[in-house]
Amino acid sequence: MNTEIKIADGKVSCLEDDREIGRLDFKIQDNVMVIEHTRAFEKGKGVGRKLLVAAIDYAKDKGMKINPICSFAYKLMQKDVKYHELLVDEAGESLSCSL
């Protein structure tokens, strides 16, 4: 199986043999990546984490901060201290979905 991550048009997609198995939706506002939602269409493969890491790397490369309003993204970023410096001050105040 061939797994690929693509970032375009406000989404990060995880493809397995050209079939989408997960997607993270984001928007950019004032040099802040707002992570809106993360979906894994196949459970148990670590797809959500792969999507989030790709989004974080993208934001970091572009010099952006991150505001995860998706609770999945927020919780994973809170758990790993290396991501704390990327979070906006108000991160976690307006979560839009719950696990």
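As the structure is a computational prediction, the values presented were derived from the model and not from experiment.

1. Focus on the environment of G63
Along the chain, G63 falls in the loop between α1 (47-61) and β5 (65-68). Residue class for G63 comes out exposed when judged on its relative accessible area of 51%.

2. Comments concerning helix α2 (residues 71-79)
Those residues of α2 that sit buried are S71, A73, Y74, L76 and M77. The elements touched by buried residues of α2 are β4 (32-40), α1 and β5.

3. Things to note about the state of the cysteines
Inspection of every chain in the model, using the stated rule, returns zero disulfides. In this structure C14 is a free cysteine whose sulfur lies 15 Å from that of C70, the closest cysteine sulfur available. Residue class for C70 comes out buried when judged on its relative accessible area of 1%.

4. Observations concerning the packing of aromatic side chains
Tallied over the entire structure, the rule returns one aromatic pair. When the centroid spacing of 6.1 Å and the interplanar angle of 45° are considered together, the rings of F26 and Y58 count as tilted. Here the residue F26 occupies a position in strand β3 (residues 19-29), and Y58 occupies one in helix α1, the gap between them amounting to 32 residues. For F26, a relative accessible area of 8% puts it in the buried group.

Definitions and limits used
- Residues numbered from 1 in each chain as written.
- Predicted model: local features only at pLDDT ≥ 70, side-chain atom pairs only at ≥ 80, totals over all residues.
- Heavy atoms only, no water.
- Helix = DSSP H or I, 4+ residues; strand = E, 2+ residues; numbered from the N terminus.
- Buried < 20%, exposed > 50% of the residue type's maximum accessible area, 1.4 Å probe, protein only.
- Contact = heavy atoms within 4.5 Å.
- Disulfide = S-S within 2.5 Å.
- Phe/Tyr/Trp six-rings, centres within 6.5 Å; stacked < 30°, edge-to-face > 60°.

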